[in-house]
Amino acid sequence: MIHITNFPRLGKNEKKKIILPPWGSRALWKEAGDSINYLINQHKNRLTMAFNMAEQLKGHLKSIFFLLDELCYMTCPWCPDSCCLKATVWMDFKDLLFLDLAGEKFPPAQLIKSPSDTCRYLGQKGCILPRIKRPWICTLYLCPTQNRILRRESSEVQKKLSQAVQTIKSGRKKIENEFIRITTMS
Ligand code: SF4
Ligand code: SF4
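Peer 1: What am I meant to see in the overall build of the protein chain here?
Peer 2: When helices and strands are counted, the protein chain shows 8 helices and 2 strands. Written out in order from the N terminus, the α and β elements of the protein chain read α-α-α-α-α-β-β-α-α-α. Sorting the 186 residues of the protein chain into buried and exposed places 21% on the buried side.

Peer 1: Would you explain the site of ligand 2 in this entry?
Peer 2: Around ligand 2, the neighbouring residues are Cys84, Ala87, Val89, Leu111, Cys119, Tyr121, Leu122, Cys127, Leu129, Arg134 and Cys138. Here the residues of the shell around ligand 2 sort into 10 nonpolar, no polar and 1 charged.

Peer 1: Would you mind showing me how to read the site of ligand 1 here?
Peer 2: Close to ligand 1 lie Thr75, Cys76, Cys79, Ser82, Cys83, Cys143, Thr145 and Gln146. Looking at the shell around ligand 1 residue by residue, the class counts come to 4 nonpolar, 4 polar and no charged.

Peer 1: I keep staring at unusual backbone geometry and nothing clicks. Help me out?
Peer 2: With the exception of glycine, most residues fall at negative phi, and the peptide bonds are largely trans. Positioned with a positive phi, Trp23 is a non-glycine residue whose angle comes to about 55°. Assignment of secondary structure puts Trp23 in the loop between α1 (12-17) and α2 (26-42). Accessibility expressed as a C-beta count within 10 Å gives 21 for Trp23, which makes it buried.

Peer 1: Is there a simple way to think about the packing of helix α3 (residues 48-75) against helix α8 (residues 155-183) in this case?
Peer 2: A pair of packed helices is characterised by two quantities: the angle between their axes and the separation of those axes. Relative orientation of the contacting elements α3 and α8 amounts to 155°, with a least axis distance of 9 Å. In terms of axis orientation, α3 runs roughly antiparallel to α8. Crossing geometry of α3 relative to α8 is assigned as left-handed. On the side of α3, the interface is formed by Met49, Ala50, Met53, Ala54, Gln56, Leu57, His60, Leu61, Ser63, Ile64 and Leu67, while α8 contributes Val157, Leu161, Ala164, Thr167, Ile168, Gly171, Arg172, Lys174, Ile175, Glu178, Phe179 and Ile182.

Peer 1: Even after reading the chapter, I still don't get α8, so can you show me in this structure?
Peer 2: Note that an α-helix has 3.6 residues per turn; residues three or four places apart therefore point the same way. In this model, α8 (29 residues) spans 42 Å end to end at C-alpha, consistent with the 42 Å of a helix rising 1.5 Å per residue. Buried within α8 we find Leu161, Ile168, Arg172, Ile175, Glu178 and Phe179. On its buried face, α8 sits against α3, α5 (93-101) and α6 (136-140).

Peer 1: How should I be thinking about the nonpolar core in this particular structure?
Peer 2: Where a protein is soluble and globular, its nonpolar side chains tend to be buried together. Judged by nonpolar contacts, the single largest core of 25 residues is most densely connected at Ala50, Ala54, Leu57, Leu97, Phe98, Leu101 and Ile175. Every element with two or more residues in this core is listed here: α3, α5 and α8. Not counting chain neighbours up to four residues away, the residues in contact with Ala50 comprise Leu101, Ile175, Glu178, Phe179 and Ile182.

Peer 1: Explain α5 to me, please; I cannot follow it from the model alone.
Peer 2: With 7 of its 9 residues buried, α5 lies for the most part within the structure. Every buried residue of α5 is accounted for by Asp95, Leu96, Leu97, Phe98, Leu99, Asp100 and Leu101. Those residues of α5 hidden inside the fold are in contact with α2, α3, α6 and α8.

Peer 1: Which parts of the structure should I look at to understand the environment of Lys44?
Peer 2: When you line up the elements, Lys44 lands in the loop between α2 and α3. Accessibility expressed as a C-beta count within 10 Å gives 12 for Lys44, which makes it exposed. Between the alpha carbons of Lys44 and Thr183 there is a distance of 9.8 Å; along the sequence they are 139 residues apart.

Criteria and cut-off values
Residues numbered from 1 in each chain as written. Chains lettered and ligands numbered in written order. Predicted model: local features only at pLDDT ≥ 70, side-chain atom pairs only at ≥ 80, totals over all residues. Helix = DSSP H or I, 4+ residues; strand = E, 2+ residues; numbered from the N terminus. Buried ≥ 20, exposed ≤ 12 C-beta atoms within 10 Å, placed from the backbone. Near = placed C-beta within 6 Å. Nonpolar A, V, L, I, M, F, W, Y, C, P; charged D, E, K, R; others polar. Axes fitted to C-alpha atoms, helices over the stretch in contact; angles between N-to-C directions. Parallel < 35°, antiparallel > 145°, perpendicular 65-115°, else oblique. Left-handed = near helix turned anticlockwise from the far one by under 90°. Contact = placed C-beta atoms within 7 Å. Expected span 1.5 Å × (residues − 1). Core = buried A, V, L, I, M, F, W, Y, C linked by C-beta atoms within 7 Å.

Following this line, the structure appears as structure tokens:
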């Protein structure tokens, strides 16, 4: 199964040692978003390929949301140990870049300020962010219970999901490479 089985979760001692999540304060979050926005606007005419790749990535992401929602409906409402309560995850550069190029607004702040925080987007009924705006790591993660259910699906469904995940992973990398290539050209 291609999905990760461990949502990053740290012990107390590890949390003390880990570097802080990027752009944890509102000011840094705004600065990061503004900088990406600025560069995209500056190089808009040469970023056509990156825009197209982001649009395609959006399509691949949307193609797996129905299955992920189904898995969540079957498991999360009865979960005794919600992964989002203890996960140490955040949005990375590729997440922000994808959102901007795909014409999606950024969420109002980074998920957590420090490793001991609980994600600010965890509501009473689960994640309050639309799936498209969640960090890729949140989409990628299937817990053991969900993986067990997924294994009961047809091999065709499993293969489709696996292929979509690989395509999204490589698409994210390609978008980042293209963005760096264009914005660092002299
Ligand atoms: S994904 Fe799994 S561990 Fe996380 S809340 Fe849902 S059932 Fe619980
Ligand atoms: S963004 Fe949503 S899915 Fe990800 S850790 Fe926060 S509440 Fe959970």
